[in-house]
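So the chains spell out like this:
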Amino acid sequence: MRVAEVVGRVLHAHGARHVFGVVGSGNFHVTNALVAAGARFVAAAHEGGAASMADGYARTSGEVGLLSVHQGPGVTNALTGLTEAAKSRTPMVVLAPEATAPRSNFLIDLPGLAAAVGADFHRVRATHAAQDTGAAYRAAARGATVVLGLPLEVQLTETEPWSGPVPTVAPTPATAPQVEPLLAALRAARRPVFIAGRGARTAGEPLTRLADACGALLAVSAAAKGLFARVPWNLDVAGGFATPLAAELIGTADLVVAWGSTLNMWTTRHGELIPPTAVVVQVDHDPAAFGGRRGGARPAGRRRHGGRARRRLAYAGAGAADPRPRPVADRPVPGRE
């Protein structure tokens, strides 16, 4: 069995059921192995479109997206979609064949390319093909875009047949979120506003319950538009696309809680939307997201494994003693004077 076939089988065994791409000589064998194992190949006319398809599939399905491209120009053609996925922390694996001959026109620095756009890089070795492939898939499943380097000569190397099983990997112990500062801020707030971002797209229902419990208005970043569409206290998009009323109400907040949102310049109108007197709390699994807005933010909590930790925070807030919800009649209703 060739290494390329092992890679395809391992990816399918980990759960890959759809692969998007453009087939060339460098990714033909690994793509064929995926199809033979039971995955569906979705062909695109251009690698840029295939990358966006894999990205969109991962975001909407909650599964790891899989992109298969040719070496050299196949990889560079996919770069814009790959960059968007990496910046958005989309769980995705890019099957990237590597030309290794020094004089090859298709030789590019894959590790450097991945690092430049914020993606992880893994490389398959002939002697550890199953382990390397599994590690790349698991890294993507944790919320990373992974470029998986597949050296051409390694793909064709004969190795031990692989038919499973997928090794059991002990989960990383979850860190308990620091909810006490958040609860204290919610209890003290008179005009709280929640801004949900891309990382909170699966937490609309618990966030709505928490907002009801503490009298918070709800807003979203552009990437999470529609999350609270049917909620009466929805202000819709915060930032440059905010309505005048939404901007006015956010501008009077004394507490802003960002759920899975970095509060970047688009969401905060270059830092001018949120009043300087407001307490700002960010809930995110990535410490690098804390304090990204102008003026900084108070890292009151971290979420690990996305929705589950967000729910822990939401349940803790809704069930806390002595919450301070305002009567419904006292809450400003979007679109009403």
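Relevant structure appears above.
Residues numbered from 1 in each chain as written. Predicted model: local features only at pLDDT ≥ 70, side-chain atom pairs only at ≥ 80, totals over all residues. Heavy atoms only, no water.

1. Here's the deal with helix 1 (residues 3-14)
Two residues of an α-helix separated by three or four positions point the same way, owing to the 3.6 residues in each turn. The end-to-end C-alpha separation of helix 1 is 17 Å, in line with the 16 Å expected for 12 residues at 1.5 Å each. Across the 12 residues of helix 1, 9 count as buried, placing the element largely inside the fold. When helix 1 is considered as a whole, its buried residues turn out to be V3, A4, V6, V7, G8, V10, L11, H12 and H14. The inward-facing, buried residues of helix 1 abut helix 2 (28-37), strand 3 (65-68), strand 4 (92-98), helix 7 (129-141), strand 6 (145-151) and helix 8 (152-155). Just downstream of helix 1, G15 is the residue with a positive phi angle, here 125 degrees. (Helix = DSSP H or I, 4+ residues; strand = E, 2+ residues; numbered from the N terminus. Expected span 1.5 Å × (residues − 1). Buried < 20%, exposed > 50% of the residue type's maximum accessible area, 1.4 Å probe, protein only. Contact = heavy atoms within 4.5 Å.)

2. Topic: the pairing of strand 1 (residues 18-21)
Relative to strand 2 (residues 40-43), strand 1 runs parallel, the two sharing 4 bridges. For F20, the partnering residue across the bridge sits in strand 2 and is V42. Across 2 bridges, strand 1 lies against strand 3 in parallel orientation. By the bridge assignment, F20 is partnered in strand 3 with L67. (Pairing = 2+ DSSP bridges.)

3. Comments concerning the pattern of salt bridges
Scanning the model with the defined rule gives 9 salt bridges in all. Notably, a salt bridge pairs R125 with D132, separated by 2.8 Å at the nearest N-O pair. With relative accessibility at 43%, the residue R125 sits in the partly exposed group. Its relative accessible area of 9% is what places D132 among the buried residues. Between K225 and D236 there is a salt bridge; the shortest N-O distance is 2.8 Å. Of the two residues, K225 sits in the loop between strand 8 (217-220) and strand 9 (234-237) while D236 sits in strand 9, which places them 11 residues apart along the sequence. When its relative accessible area of 26% is taken as the criterion, D236 is described as partly exposed. Each of D55, R59 and E84 takes part in salt bridges that share partners, so that together they form one network. (Salt bridge = Lys/Arg side-chain N within 4 Å of Asp/Glu carboxyl O.)

These figures come from the coordinates and say nothing about function on their own.
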